Amino acid sequence: MEDQIQKTCLHDRHVALGALMSPFAGFDMPIQYAGITEEHNAVRQHVGVFDVSHMGEVRVTGPDACKFVNHIFVNDVTGAPDGQIFYGMMCYENGGTVDDLLVYKVNDEEYFLVINASNIEKDVKWILSNAEGFNVKIEDQSEYYGEVAVQGPEAEAAVEKLLGLDVKDIAFYNFKTFDVDGEEIIVSRTGYTGEDGFEIYGSHDFTRKVWDKLMDGGVQPCGLGCRDTLRFEVGLPLYGDELAADITPIEASLSMFVKLDKPEFIGKEALAKQKAEGVTRRIVGLELEGNAIPRHGYPVEINGEQIGEITTGYRSISTGKSVAMAMINKPYDKLGTEVEVRIRKKTFPAKVVKKRFYDKNYKK
């Protein structure tokens, strides 16, 4: 653990804007500026920008880079075109999740991994510990990179107009590198909101310039509060809630990212067994009657017996409904199953629904 709380390269900007700051993943991060609802709606309807410089970046290079990434990653990067991005997980031998991450394919001998801020130290150690026998170089570049996420239906227009970057031809889950004043920066058409958008990686100086240009252009700054409400509404998992060392991708209902038809990878045997035999619990969506708000850790019950617990819950800003993701024991995970959520001393009726509460609006 860090003894001292870290600051991103944009910390002074957040403070100057009057953001509500709070520790998150070892960093002092902005939770909100104008307010969670206003920022959430800006991203759904227009455009917002997030400081995500706390995320970790690891570069894998060398003749065995492709082979090594496939060894530690559940998705399959074989034969992908340069510039493609993959979402997936790194897993322990028992199938539990080390982290979920994005893998950027630069070329067959170079991959760029983007990992969660709370897991940087653990992930890097784990990656290094599994590199024996592979001809690869692994560099933790988390200290070098700053990162902003520009998200919303007007993101493309904002990035082109305010930053002067030609991004309209970047396809969803693809990236390009640009030379800006002699510095190589990365722009990907990715995000964590369910909306179209871009994630922009560069040096701290470059990141500060990008932020300032977006602020001067009137883009709404957004905090981690609405980052969570946005990702939750479209069913995207958060490590520590819907994924963890004791939650496998199969239990998290993310088996579409686990490619069992590729050669061995760490955790393959355990995940193949789970897929073949089925799991005893999995992440589902819940919709509650009325206005009660379910929160992380609240018990889910049937006839007074606990059959699961809430992993994330909110009054959905985009739909106005009280909804949650929950880890539920089988057979109570079937759509339409009626359950109860215990909120302190009372229980509230709920039913199992799809965990995408709001339709994604990615650019096709």
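Model, not experiment: these values are computed from the prediction.

S.K.: Just checking my understanding: could you explain the overall build of the protein for this structure?
M.R.: Scanning the protein from terminus to terminus reveals 8 helices and 19 strands. In terms of overall size, the protein behaves like a compact globule, its C-alpha atoms giving a radius of gyration of 21 Å where 364 residues would be expected to give roughly 21 Å. The dimensions of the protein, computed from C-alpha atoms along their principal axes, are 65 × 50 × 45 Å. By the burial criterion, 55% of the 364 residues in the protein qualify as buried. At a minimum sequence separation of 6, the contacts of the protein that also span at least 24 residues come to 67%. When the accessible surface of the protein is split by element, carbon and sulfur atoms take 49% of a total near 15900 Å². One finds the centroid of the 41 positive side-chain charges in the protein at a distance of 6 Å from the centroid of its 58 negative side-chain charges.

S.K.: How should I be thinking about the pattern of salt bridges in this particular structure?
M.R.: Any two side chains of opposite charge can pair, given that their charged atoms come close. All told, the structure shown has 23 salt bridges when counted by the stated rule. Between Asp333 and Arg282 there is a salt bridge, with the nearest N and O atoms lying 2.7 Å from each other. Note that Asp333 is positioned in the loop between strand E17 (322-329) and strand E18 (338-343) and Arg282 in strand E14 (residues 281-288), a separation of 51 residues in sequence. A relative accessible area of 27% places Arg282 in the partly exposed class. Between Glu287 and Lys321 there is a salt bridge, and its shortest N-O distance comes to 3.9 Å. Pair noted here: Glu287 is in strand E14 and Lys321 is in the loop between strand E16 (305-315) and E17, with a separation of 34 residues, a long-range link. Take Glu287: its relative accessible area is 24%, and that puts it in the partly exposed class. Shared partners join several salt bridges into a network, and the residues in it are Asp228, Arg231, Asp241 and Glu242.

S.K.: Would you explain the packing of helix H2 (residues 36-45) against helix H7 (residues 224-233) in this entry?
M.R.: When two helices pack together, their arrangement is given by the angle between their axes and by how far apart the axes lie. Contact geometry for H2 and H7: axes closest at 8 Å, N-to-C directions at 50°. With respect to H7, the axis of H2 lies oblique. Where H2 crosses over H7, the two elements pack in a sense that is right-handed. Each of Ile36, Glu39, His40, Val43 and Arg44 in H2 lies in contact with H7, whose residues at this interface are Gly225, Cys226, Thr229, Leu230 and Glu233. Class assignment of the residues belonging to the contact of H2 with H7 gives a composition of 4 nonpolar, 3 polar and 3 charged.

S.K.: What should I look at first to understand the packing of aromatic side chains in this one?
M.R.: Scanning the entire structure with this criterion turns up 14 aromatic pairs. Each ring, one from Tyr104 and one from Tyr201, has its centre 5.7 Å from the other, and the planes form 90°; the classification is edge-to-face. Residue Tyr104 is found in strand E6 (residues 97-107), and its partner Tyr201 is found in strand E12 (residues 197-202); the two are separated by 97 residues along the sequence. Judged by relative accessible area, Tyr201 falls into the buried class, the value being 0%. Taken together, the aromatic side chains of Tyr104, Phe112, Tyr144, Tyr145, Phe175 and Tyr201 make up a single cluster linked through ring pairs.

S.K.: How do you make sense of the side chain of Asp100 when you look at a structure like this?
M.R.: Of note, Asp100 is situated in strand E6. Although Asp100 is buried, it forms no salt bridge, and the closest oppositely charged side chain is Arg231 at an N-O distance of 8.6 Å. In this structure the side chain of Asp100 is engaged in a polar contact, spanning 2.8 Å, whose partner is the side chain of Tyr87. A distance of 2.8 Å separates the side chain of Asp100 from the side chain of Asn116, its partner in a polar contact. Those residues in contact with Asp100, other than ones at most four positions away along the chain, are Tyr87, Gly88, Met89, Asn116, Pro237, Tyr239 and Leu243.

S.K.: Sorry, what's going on with the sheet that holds E18 here?
M.R.: The pairing of strands in a sheet happens through backbone hydrogen bonds and is either parallel or antiparallel. Read around the barrel, 6 strands follow the order E14-E17-E16-E15-E18-E19 and close on themselves; strand pairing throughout is antiparallel. Along the sheet, successive strands turn relative to each other by an average axial angle of 45°, direction set aside. The pairing of strand E15 (residues 299-302) with E16 spans 4 bridges and is antiparallel. Opposite Pro299, over in E16, you have Glu309 as the bridge partner. Seen against the sheet, H7 touches E16 and E17 and runs at an angle of roughly 120° to E16.

Thresholds, definitions, all that
- Residues numbered from 1 in each chain as written.
- Predicted model: local features only at pLDDT ≥ 70, side-chain atom pairs only at ≥ 80, totals over all residues.
- Heavy atoms only, no water.
- Helix = DSSP H or I, 4+ residues; strand = E, 2+ residues; numbered from the N terminus.
- Rg over C-alpha atoms; globule rule 2.2 N^0.38 Å.
- Buried < 20%, exposed > 50% of the residue type's maximum accessible area, 1.4 Å probe, protein only.
- Contact = heavy atoms within 4.5 Å.
- Areas by Shrake-Rupley, 256 points an atom, 1.4 Å probe, with all protein chains shown as cover.
- Lys, Arg positive; Asp, Glu negative; His and termini not counted.
- Charge placed at Lys NZ, Arg CZ, Asp CG, Glu CD.
- Salt bridge = Lys/Arg side-chain N within 4 Å of Asp/Glu carboxyl O.
- Axes fitted to C-alpha atoms, helices over the stretch in contact; angles between N-to-C directions.
- Parallel < 35°, antiparallel > 145°, perpendicular 65-115°, else oblique.
- Left-handed = near helix turned anticlockwise from the far one by under 90°.
- Nonpolar A, V, L, I, M, F, W, Y, C, P; charged D, E, K, R; others polar.
- Phe/Tyr/Trp six-rings, centres within 6.5 Å; stacked < 30°, edge-to-face > 60°.
- Polar contact = N/O pair within 3.5 Å; in protein donor to acceptor, adjacent residues only side chain to side chain.
- Pairing = 2+ DSSP bridges.

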